[in-house]
Amino acid sequence: MTQTVTPELRQWIADQAKVGADPEVVLKSLLDTGWHREAVIDEMRQIWRGLHEEHPAAQPAPVPVMRVPEPLPEGGIPSALLVDGREVRVIAAMRLPRVVVFGNLLSHEECDALIALARPRMARSDVVSVTTGGSEIHAARTSDGMFFQRGENEICQRIEARLATLLGWPLENGEGLQVLHYRPGAEYKPHYDYFDPKEKGTPSILQRGGQRVATVVMYLNDAKVGGGTTFPDVNFEVAPVKGNAVFFSYDKAHSSSRTLHGGAPVVEGEKWIATKWLREGEFR
Ligand code: PD2
Ligand code: ZN
């Protein structure tokens, strides 16, 4: 079967070239994700040649690498982790992007309690605007949402403490939990959770705790059909199962983290999630 390079892939390759990635490493990661050498090699040559012609002596701007939370110990993948006395199951893990899927992170009672506390406070979701640093309603997200303050109630405190232990990341570096509710047809288009360093509103956002370095999406109910969390760069999708969660981290605020992800449209039923974002530093 012949493969055609999509505009998104071309952009991704161009981004790698711009930040000075080794073309051999880029090629290997393309081959690892199923691309054929002959489909991508000419595109790669063209991009690297173009870059050289544009700036023969230019050094690519270095993208800072950040420390990130890591839930799994080195060595073999464990089937479960004991976290504050709770058996959290390890279902799957991937290296690039760094993704770990957990089972039984939350009890069904905790899921129900979070929904009950959030429900009266739901409003059409906004996203942090990287152009202004404020928040704005965004068409890419068609869910309703709300934020809890960190430590706002006993259930948030318990879940935040569990996540801090699971991830080995200070509780103070976490944003308050966000709850989202998707009805049939609602989705969250693919995006990155880090703040784009090229946007002018980003410096003001970073004053409060620095960059986001990881995300935990916790599923509060079973969406019947659809509503998976997708990672389009690697064709991976996590089913929303009540009490389960997907963790992913990004050590660079850059597409080379391969953490492009989205919430697929809910086809049947509804979907409730709680999202925790982890920052580099204390989030006050
Ligand atoms: O609902 C999801 O699966 C989802 C997908 C992408 C949530 C988020 N991003 C998020 O809360 O950032
Ligand atoms: Zn997201």
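Q: Would you mind showing me how to read the pattern of salt bridges here?
A: Should their charged atoms come close, side chains of opposite charge can pair. Tallied over the entire structure, the rule returns 16 salt bridges. Here glutamate 43 and arginine 10 are joined by a salt bridge, their closest N and O atoms 2.8 Å apart. You can see glutamate 43 sitting in helix H3 (residues 37–54) and its partner arginine 10 sitting in helix H1 (residues 7–18), a full 33 residues away along the chain. On the basis of relative accessibility, which here comes to 16%, the residue glutamate 43 falls in the buried class.

Q: Honestly, the sheet that holds strand S14 (residues 245–249) in this entry has me stumped. Any pointers?
A: Strand pairing in a sheet is mediated by backbone hydrogen bonds. Such pairs are either parallel or antiparallel. Strand order in the open sheet made by the nine strands is S1-S2-S3-S14-S10-S17-S8-S7-S4, with antiparallel pairing throughout. The sheet is open, and its two edges are formed by strand S1 (80–83) and strand S4 (123–124), each paired on a single side. With five bridges connecting them, strand S2 (residues 86–94) and strand S3 (residues 98–103) associate as antiparallel partners. Among the inter-strand pairings, methionine 94 is bridged to a residue of S3, identified as valine 99.

Q: Where do I start with the coordination of the zinc ion (ligand 2) in this structure?
A: Ideal values for angles at a metal depend on the geometry: 109.5 degrees with four tetrahedral donors, 90 or 180 degrees with six octahedral donors. Summarising the metal site, the zinc ion (ligand 2) is bound by the protein donors His191 (NE2), Asp193 (OD) and His261 (NE2), whose distances to it range over 2.1 to 2.2 Å. If you list the donors of the zinc ion (ligand 2) from N- to C-terminus, the spacing comes out as H-x1-D-x67-H. Note that histidine 191 is positioned in strand S9 (residues 188–191) and histidine 261 in strand S15 (residues 261–263), a separation of 70 residues in sequence. By the burial criterion, histidine 191 is buried, and histidine 261 matches it.

Q: Would you mind showing me how to read the site of ligand 1 here?
A: In the vicinity of ligand 1, the residues found are Tyr182, Tyr188, His191, Asp193, Thr229, His261, Gly262, Gly263, Lys271, Ile273, Thr275 and Trp277. Tyrosine 182 is positioned with one of its side-chain polar atoms (N or O) 2.6 Å from an oxygen atom of ligand 1. In the model, a nitrogen atom of ligand 1 is placed 3.2 Å from a nitrogen or oxygen of the histidine 191 side chain. Burial of ligand 1 by the protein amounts to 100% of the accessible area it has alone, namely 310 Å². At a threshold of 2 Å from the grid points, most atoms of ligand 1 map onto the largest cavity. When residues of the shell around ligand 1 are traced back to their parent elements, those giving at least two are S9, S15 and strand S17 (271–279). With four residues, S17 is the largest single contributor of residues to the shell around ligand 1. Tallied by class, residues from the shell around ligand 1 come to four nonpolar, six polar and two charged.

Q: When you look at empty space enclosed by the protein in this model, what are you seeing that I'm missing?
A: Picture a little ball the size of a water molecule; that probe, rolled over the atoms, points out where space is still empty. Per the counting criterion, the structure on display carries two cavities of 30 Å³ or more. In this structure, the largest cavity spans a volume of roughly 140 Å³. Together, 18 residues line the largest cavity, and Tyr182, Tyr188, Val217, His261 and Ile273 are the ones closest to its centre. For the lining of the largest cavity, the secondary-structure elements that each account for two or more residues are strand S8 (178–182), S9, strand S10 (212–219), S15 and S17. Here the lining of the largest cavity gets four residues from one element, more than from any other, and that element is S17. Residue classes in the lining of the largest cavity are distributed as seven nonpolar, eight polar and three charged.

Q: Which parts of the structure should I look at to understand the nonpolar core?
A: The nonpolar side chains of a soluble globular protein tend to be buried with one another. Formed by 35 residues in total, the largest nonpolar core has its most connected members in Phe102, Leu105, Leu114, Val216, Met218 and Leu220. Counting only elements with at least two residues in this core, the list comes to S1, S2, S3, helix H4 (108–118), helix H5 (154–167), S10, S14 and S17. At six residues, the largest contribution of residues to this core is made by H5. Those residues in contact with leucine 105 that sit more than four places away from it in its chain are Arg86, Val88, Glu110, Arg162, Leu163, Leu166, Val216, Met218, Gly243 and Ala245.

Q: Help me understand the layout of surface pockets, please; the structure alone is not making it clear to me.
A: Roughly 500 Å³ of internal volume is contained in the second largest pocket. Along the wall of the second largest pocket there are 19 residues; nearest its centre are Glu8, Leu9, Pro232, Asp233 and Leu260. Mapped onto the lining of the second largest pocket, the elements with two or more residues apiece are H1 and S9. Here the lining of the second largest pocket takes five residues from H1, the largest share from any one element.

Q: For this particular structure, what's the right way to read the sheet that holds strand S12 (residues 229–231)?
A: Sheet architecture is open: four strands sit in the order S9-S15-S12-S13, paired in antiparallel fashion. The open sheet has two free edges, formed respectively by S9 and strand S13 (236–238), since each of these has just one partner strand. Strand-to-strand twist across the sheet, computed as the mean angle between neighbouring axes with direction ignored, equals 15°. Here S9 runs beside S15; their pairing, made up of two bridges, is antiparallel. Of the residues in S15, the one forming a bridge with tyrosine 188 is glycine 263.

Reading the values: the criteria
- Residues numbered from 1 in each chain as written.
- Chains lettered and ligands numbered in written order.
- Predicted model: local features only at pLDDT ≥ 70, side-chain atom pairs only at ≥ 80, totals over all residues.
- Heavy atoms only, no water.
- Salt bridge = Lys/Arg side-chain N within 4 Å of Asp/Glu carboxyl O.
- Helix = DSSP H or I, 4+ residues; strand = E, 2+ residues; numbered from the N terminus.
- Buried < 20%, exposed > 50% of the residue type's maximum accessible area, 1.4 Å probe, protein only.
- Pairing = 2+ DSSP bridges.
- Donors = N, O, S within 2.8 Å, 3.2 Å for Na, K, Ca; no water.
- Near = heavy atom within 4 Å.
- Polar contact = N/O pair within 3.5 Å; in protein donor to acceptor, adjacent residues only side chain to side chain.
- Areas by Shrake-Rupley, 256 points an atom, 1.4 Å probe, with all protein chains shown as cover.
- 1 Å grid on protein atoms, 1.4 Å probe; cavity = no way out; pocket = protein on both sides within 12 Å on 5 of 7 lines; lining within 4 Å.
- Sits in = over half its atoms within 2 Å of the grid points.
- Nonpolar A, V, L, I, M, F, W, Y, C, P; charged D, E, K, R; others polar.
- Points joined across faces, edges and corners; volume = space filled by probe spheres on them.
- Core = buried A, V, L, I, M, F, W, Y, C linked by side-chain atoms within 4.5 Å.
- Contact = heavy atoms within 4.5 Å.
- Axes fitted to C-alpha atoms, helices over the stretch in contact; angles between N-to-C directions.

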